[in-house]
Amino acid sequence: MSSSEPPAPEVDWETLTAAATEAMRAAYAPYSRFPVGAAALTDDGRIVTGCNVENASYGLTLCAECTLVGQLRLGGGGRIAAFACVDAAGGVLMPCGRCRQLLYEFRAPGMVLLTVSGVRTMDEVLPDAFGPQNLQN
Ligand code: THU
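Keep in mind the model is a prediction, meaning the values are calculated, not measured.

Asks: Would you explain the state of the cysteines in this entry?
Replies: Between two cysteines, a covalent bond joining their sulfur atoms is known as a disulfide. Evaluation of the coordinates by the stated rule reveals zero disulfides. You can see Cys66 has no disulfide; the closest cysteine sulfur is in Cys99, sitting 4.6 Å from it. Note on Cys66: relative accessible area 15%, which makes it buried. Left unpaired, Cys99 is separated from the closest cysteine sulfur, that of Cys96, by 3.6 Å. With relative accessibility at 0%, the residue Cys99 sits in the buried group.

Asks: Looking at this structure, how should I read the site of the ligand?
Replies: Neighbouring the ligand are the residues Ser32, Phe34, Val36, Asn52, Glu54, Thr61, Cys63, Ala64, Glu65, Met94, Pro95 and Cys96. Side-chain polar atom of Asn52 to an oxygen atom of the ligand: 2.9 Å apart, as the coordinates give it. Ala64 places a polar main-chain atom, nitrogen or oxygen, 2.8 Å from an oxygen atom of the ligand. For the shell around the ligand, the per-class residue count stands at seven nonpolar, three polar and two charged.

Asks: Before we go on, may I ask you to explain the packing of helix α2 (residues 64-74) against helix α3 (residues 97-105) in this structure?
Replies: Relative placement of two packed helices is described by the angle separating their axes and the distance separating the axes. At a minimum axis separation of 9 Å, α2 and α3 run at an interaxial angle of 15°. Judged on the interaxial angle alone, α3 and α2 are roughly parallel. In this structure, α2 crosses over α3, and the sense of that crossing is left-handed. For the pair α2 and α3, the contacting residues are Glu65, Cys66 and Val69 in the first and Arg98, Cys99, Leu102 and Leu103 in the second.

About the thresholds
Residues numbered from 1 in each chain as written. Predicted model: local features only at pLDDT ≥ 70, side-chain atom pairs only at ≥ 80, totals over all residues. Heavy atoms only, no water. Disulfide = S-S within 2.5 Å. Buried < 20%, exposed > 50% of the residue type's maximum accessible area, 1.4 Å probe, protein only. Near = heavy atom within 4 Å. Polar contact = N/O pair within 3.5 Å; in protein donor to acceptor, adjacent residues only side chain to side chain. Nonpolar A, V, L, I, M, F, W, Y, C, P; charged D, E, K, R; others polar. Axes fitted to C-alpha atoms, helices over the stretch in contact; angles between N-to-C directions. Helix = DSSP H or I, 4+ residues; strand = E, 2+ residues; numbered from the N terminus. Parallel < 35°, antiparallel > 145°, perpendicular 65-115°, else oblique. Left-handed = near helix turned anticlockwise from the far one by under 90°. Contact = heavy atoms within 4.5 Å.

Here it is as structure tokens:
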């Protein structure tokens, strides 16, 4: 790690995964039958969760990360220090490409994600991201 990178946050991944699994039970996924739960640790220590919410108009499906960022804003805002996403069995699931972008918007410096290949940084799962910094000026 280079000295310019912020230190990785201390994360209780078991607790975060349990929160994601609990959220997964609230999923509305009658079309895909693929319930998803997501949980984020905020930079001020809160846990925020989300679940996927599908629609008869299939393309309108909200991923678990969509409802999570809504909950983040509704719960007082803040930034995401750590993130985990699970499937119906509680297994680690990668956020889809669109949702990596959603999470990127609200990342705390040094944000980490639980992935199928271990704990990785936001920059590793979405390198050279487009973001708010591109809209300056
Ligand atoms: N899904 C999520 O909720 N998050 C992801 O990052 C991947 C996919 C949901 C969308 C849909 O309801 C179901 O998984 C199957 O694609």
